[in-house]
Amino acid sequence: MVTVKIDGREVQVEPNSTILQAAEKAGVHIPVLCHHKTLNPFGACRVCLVEVVGNPKLMTACTTPVTDKMEIVTQNEKLQKLRRTVIELLLINHPLDCPVCDKGGDCMLQDLTFEVGLTNVRFDPKPNDTPFDHTNPFIERDIDRCVLCGKCVRICDEVVNIQAISFINRGTETYIGTSFDQPWNCEYCGQCMSVCPVGSLNNRVYLFKNRPWNLEKTESVCGFCSCGCSIIVEHEDNEVYKISEDPDLGVNHGFLCAKGRFGYELINSPEREKTPKIKKSGEFSESSIEEAIEYVAAKIGEIKGKYGADSIGVLVSPRVTNEEAFLAQKFAREVIGSNNVFSFETVNALPEGTYEDVENSDNLIVLNIDVTESNPVLGYAIRRMGRKEETTLSVFYPKVTSLKRVATNFFTGKPSEVYEKIENFINGLKGDGEFKDLADSFKGAKKPVLVYNPYDELDLYYANEIKTLVNNVITVPCRLKNNSQGIVDMGCTPYYKPGYVKTEAQADFRKVLEDGSLRALVILGENPLLHPEYSDLGDILGKLDFLAVTDPFMSEVAELSEVYIPVSLFAEKDGTFTNFEGRVQSLNKTVDNGVISDLEFLALLSARLGVNLPKGIDEVQDLIRKEVPLYNDVDFNGGTVKYPFVLDGAFALKKVSPKGKGKFKVFPGSLRLHSGSFTRRSQDLSRVYAEPAVEINPTDASKLNVGDGDYIILKFEDTTRKFRVAVVKGMPDGVVSLPNDFKETADLFHKGKYLKVDLVKHNG
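Residues numbered from 1 in each chain as written. Predicted model: local features only at pLDDT ≥ 70, side-chain atom pairs only at ≥ 80, totals over all residues. Heavy atoms only, no water.

*Asks:* Before we move on, could you go through the sheet that holds strand β3 (residues 49–52) and cite the residues and values that matter?
*Replies:* A sheet is described by the order of its strands in space; here five strands give the open sequence β2-β1-β5-β3-β4, paired in mixed fashion. With one partner strand each, in any of the chains shown, β2 (9–13) and β4 (59–60) form the two edges of the open sheet. The pairing of β3 with strand β5 (residues 71–73) spans two bridges and is antiparallel. For Val 52, the partnering residue across the bridge sits in β5 and is Ile 72. Strands β1 (2–6), β2, β3 and β5 of the sheet are contacted by helix α1 (residues 19–26), whose axis makes an angle of about 115° with β2. (Pairing = 2+ DSSP bridges. Helix = DSSP H or I, 4+ residues; strand = E, 2+ residues; numbered from the N terminus. Contact = heavy atoms within 4.5 Å. Axes fitted to C-alpha atoms, helices over the stretch in contact; angles between N-to-C directions.)

*Asks:* I'd like a description of unusual backbone geometry, backed by residues and values.
*Replies:* Even without glycine at this site, Arg 46 takes up a positive phi of about 65°. Looking at the secondary structure, you find Arg 46 in the loop between α1 and β3. Assessed through its relative accessible area of 40%, Arg 46 is described here as partly exposed. The backbone of Asn 161 sits at a positive phi, close to 60°, despite the residue not being glycine. (Buried < 20%, exposed > 50% of the residue type's maximum accessible area, 1.4 Å probe, protein only.)

*Asks:* Residue-level account of the sheet that holds strand β21 (residues 474–477), with values.
*Replies:* On the basis of which strands lie adjacent, the open sheet formed by five strands has the order β19-β18-β17-β20-β21 and parallel pairing. At either margin of the open sheet sits one strand with a lone partner, and together these are β19 (409–411) and β21. Looking at each pair of strands side by side, their axes are set apart by 10° on average, direction ignored. Relative to β19, strand β18 (residues 392–396) is paired through three bridges, and the arrangement is parallel. Looking across to β19, one finds that Ser 394 is bridged to Asn 409. Packing against the sheet, helix α12 (residues 415–429) makes contact with β17 (363–367), β18 and β19, and its axis sits at approximately 135° to β18.

*Asks:* Residue-level account of the domain arrangement of the protein chain, with values.
*Replies:* When cut into domains, the protein chain gives domain 1 (2–75), domain 2 (124–268), domain 3 (288–345 + 483–640), domain 4 (355–477) and domain 5 (664–761). In this structure, domain 2 and domain 4 have C-alpha centres spaced 31 Å apart. Every contact between the two is made by 21 residues of domain 2 and, on the other side, 15 residues of domain 4. At the boundary of domain 2 with domain 4, total buried surface from both sides reaches about 1400 Å², with 48% on carbon and sulfur atoms. The interface formed by domain 2 and domain 4 includes two salt bridges. Glu 187 is the partner of Arg 383 in a salt bridge, and the nearest nitrogen-oxygen pair spans 3.2 Å. Counting across the interface, domain 2 meets domain 4 through eleven residue pairs in polar contact (both at pLDDT 80 or more). Classifying every residue of the side of domain 2 that touches domain 4 gives eleven nonpolar, six polar and four charged. (Domains from an automatic or database assignment. Buried area = accessible area lost by both parts, 1.4 Å probe. Salt bridge = Lys/Arg side-chain N within 4 Å of Asp/Glu carboxyl O. Polar contact = N/O pair within 3.5 Å; in protein donor to acceptor, adjacent residues only side chain to side chain. Nonpolar A, V, L, I, M, F, W, Y, C, P; charged D, E, K, R; others polar.)

*Asks:* Describe in detail the environment of Phe 138, supporting the description with residues and values.
*Replies:* With respect to the helices and strands, Phe 138 occurs in the loop between α3 (108–115) and β6 (139–141). According to the relative accessible area criterion, Phe 138 is buried, its value standing at 0%. When the C-alpha atoms of Phe 138 and Asp 684 are compared, they prove to be 7.7 Å apart, with 546 residues separating the residues in sequence.

*Asks:* Just give me the short version of the pattern of salt bridges, but keep the residues and values in it.
*Replies:* This model, assessed by the stated rule, comprises 40 salt bridges. Residue Asp 248 is joined to Lys 37 by a salt bridge in which the shortest nitrogen-to-oxygen separation is 3.2 Å. Of the two residues, Asp 248 is situated in the loop between β12 (239–244) and α6 (258–262) and Lys 37 in the loop between α1 and β3; the sequence distance between them amounts to 211 residues. In this structure, Lys 436 engages Asp 440 in a salt bridge whose closest nitrogen and oxygen atoms are separated by 2.8 Å. Taken together, the residues Lys 436 and Asp 440, both in helix α13 (residues 436–443) and four residues apart, mark about one turn of the helix.

*Asks:* Tell me what's going on with the nonpolar core, and back it up with residues and numbers.
*Replies:* Ranked by internal contacts, the top residues of the largest apolar core, which has 127 residues, are Val 366, Leu 378, Ile 382, Phe 425 and Val 451. Setting aside its immediate chain neighbours within four residues, Ile 382 contacts Val 358, Leu 364, Val 366, Val 371, Leu 393, Leu 403 and Val 451. The next biggest cluster of nonpolar side chains, apart from the first, holds 55 residues, and it includes Ile 300, Ile 336, Leu 350 and Leu 613. (Core = buried A, V, L, I, M, F, W, Y, C linked by side-chain atoms within 4.5 Å.)

*Asks:* Requested: an account of the environment of Phe 167, with residues and values cited.
*Replies:* Tracing the backbone through its elements, the reader meets Phe 167 in strand β7 (residues 166–168). Accessibility expressed as a relative area gives 26% for Phe 167, which makes it partly exposed. The contact partners of Phe 167, leaving out residues within four places of it in the chain, are Phe 42, Leu 148, Gly 150, Val 153, Thr 174, Tyr 175 and Ile 176.

*Asks:* Give me the lowdown on the pairing of β18, citing residues and values where you can.
*Replies:* Where burial is concerned, most of β18 is hidden: four out of the five residues are buried. Note that β17 and β18 share five bridges and pair parallel. Along β18, the bridge assignment pairs Asn 363 with Thr 392.

*Asks:* Tell me about the packing of α12 against helix α14 (residues 457–469), and please be specific about residues and values.
*Replies:* Where α12 contacts α14, the two axes come as close as 10 Å, and the packing angle between them is 15°. The pairing of α12 with α14 is recorded here as roughly parallel in orientation. Crossing hand, α12 versus α14: left-handed. Between α12 and α14, the residues in contact are Tyr 419, Ile 422, Glu 423, Phe 425, Ile 426 and Leu 429 and Leu 458, Asp 459, Tyr 462, Glu 465, Ile 466 and Leu 469, respectively. Of the residues that constitute the contact of α12 with α14, the class distribution is nine nonpolar, no polar and three charged. (Parallel < 35°, antiparallel > 145°, perpendicular 65-115°, else oblique. Left-handed = near helix turned anticlockwise from the far one by under 90°.)

*Asks:* Describe the packing of helix α2 (residues 77–93) against α3, and please don't skip the residues or the numbers.
*Replies:* Relative to each other, α2 and α3 sit at 140°, their axes nearing to 10 Å. In terms of their interaxial angle, α2 and α3 are classed as oblique. For the crossing formed where α2 meets α3, the hand is left-handed. Here Gln 80, Ile 87, Leu 90 and Leu 91 of α2 come into contact with α3, specifically with Leu 109, Leu 112, Thr 113 and Glu 115. Taken together, the residues of the contact of α2 with α3 sort by class into five nonpolar, two polar and one charged.

*Asks:* Lay out the pairing of β12 in plain terms, naming residues and giving numbers.
*Replies:* Residues in a regular strand project their side chains so that they alternate between the two faces of the sheet. In terms of burial, β12 is largely enclosed, as five of its six residues are buried. Judged from the five bridges that link them, strand β11 (residues 230–236) and β12 form a sheet pairing that is antiparallel. Pairing of Val 233 across the sheet is with Ile 243, part of β12. Counted between consecutive antiparallel strands, the loop separating β11 from β12 contains two residues, among which Asp 237 sits at a positive phi close to 50°.

*Asks:* For the packing of aromatic side chains, give the residues involved together with the corresponding values.
*Replies:* Pairs of aromatic rings are described using the distance from one ring centre to the other and the angle between the two planes. Scanning all chains against the criterion turns up 26 aromatic pairs. Centroid distance Tyr 419 to Tyr 754: 6.5 Å. Interplanar angle 80°. Geometry classified as edge-to-face. One end of the pair, Tyr 419, is in helix α12; the other, Tyr 754, is in the loop between α22 (743–749) and β35 (755–761), with 335 residues separating them in the sequence. Look at Tyr 419 and you get buried, because its relative accessible area is 5%. Judged by centre distance (5.9 Å) and plane angle (70°), the ring pair of Phe 425 and Phe 442 falls under edge-to-face. (Phe/Tyr/Trp six-rings, centres within 6.5 Å; stacked < 30°, edge-to-face > 60°.)

Okay, structure coming up:
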């Protein structure tokens, strides 16, 4: 530790700390404009200049490291005058349109102008009149308001590693833009906008809708993917206006992806239902919640009396909270008396690694998953790891992804070829083969990490092989939805009760539907018709003796139901989610759209069936701590669960054999702005991916005479579909990808994960 004195206050700090960091520890305020704690020091704005006793020059606090016995002055008339001058110079070209600027009331330049006491600018203003740039669907860019702090450029480089924007020109002609003023080559994450201190980069989803002083801010957890990002929900009068971030909150360091930052409009969506519906004579009619609960209870009681408890099942979505999932399995097992509680989540792969493990790894393998698309904030952690010196990042995936920029090795090809390379790597771990050197470096690493897809049995097989052969490897299964892990922890599977206590059950969701033993089903937020494996079950589900569905929206499976009950979204209820690390985090109710939660539905239904289940969050959490051993001592505000196993099961080695006879090989890809049931309800996310797109490389696109935005006909056996084209440079020849979680593609991939198809240009 070194001792420094700042404005007369002594403080001890770590060696190599900056003056700014020391001042923060001492409780001394130094104004900054270009500095951000998640970025490397830059020293561009000069607002943070301070005096160091004994040094004739002023020093930038954000870049200057402290030394032992250093004495620093941060406030005097000289420094105040200098800071006023810096602000005056910035205001020469900065348009004074604060009343109409969306950053008004939340602008660092406004705050600094007030802080330094600037009331009269000595220089003649020379504002520009450059048109607003709306080429990005989520971000409005006004370069006239830019103060050239460089935060946007740096975060796009240092964190996202895309370098979509940069400093253009030099001197007084400098501005921030894209190379040759081309459209943004962007991931739409909005990180640049989040660090912009002025109104140069604005959120188009929020634009002109409200003012920051009107909005309440509530800490919560994102409800899209399993990264478990902490968010700030900004709201007024039961409407969510903005999702923002806090670098000091949660495990995501304030980083968010496009879904988390811009997808919140689904909460306010006019498509949402508010009133329960009961189907009579083939048509839905509105009912009260009491009438709907009464109807569901009567039907369940009737079917249980006629066919027994095992004729009734519950299907649980990974969108529900831990508390709702716990009550769902309790409702099935204790109220109905059935072990038929299902989810589409795997129980064979459990969390082991954390964000910290990923960032601190010296050798990391990404196995057959585009993590930058499926789990974007985990992707940021991998990119930060890959940028470090003396680290090795190896990726196995059919197409080039954003990790290519930082990867040491990137292995692509046809899906079967990628698996052959993975097999060769496994052989290298066993001591021979072409990947022996890479395998030896992985085995010899101090902190090896494996990131993989837990939803494919072949990927599970290879992950298990690597775990067996490399003793100290830490595995990270990339769960997809916000509570994909939590609902399994809570026992939403026939095979395990809460906490992975094995049962004797052998029930399989498809089997009990197809053999007719399941006569009634209650679905909590799930939509089987969007899952490739189950997308063919619509006819069976529609012919059940009874089907009840809860969902925030009238989904495809809800349309088949006899009773539909609209329920709340993640911003409308309290509870917890468990992310891919096994980290339990609290979400807090911020708005109320007049619908009940799944927890309230289950409690009301159970009471009507004669069993009282708790309906308060605190009561349910106390019961979870009591009945789920894994959660006994876990802090529900960020604690991490310790799991009984990492990989469990006899995983089969299957040869990759694409179905069909076409010329092109298709594999299921991921889209950052689409993840099935939720994202399609956000009109803003749908601006970019409202429909599935076939990703194809430029050579194949040229041969087919198609370009970006054109349409192409995909032919597989007796199925013909029309899809939009997206030309992607990193796709191998003869290989195309297509997302599998659109309703237009789920049934296509039901016929096989890998397909052979023919493609022809659509001439309509």
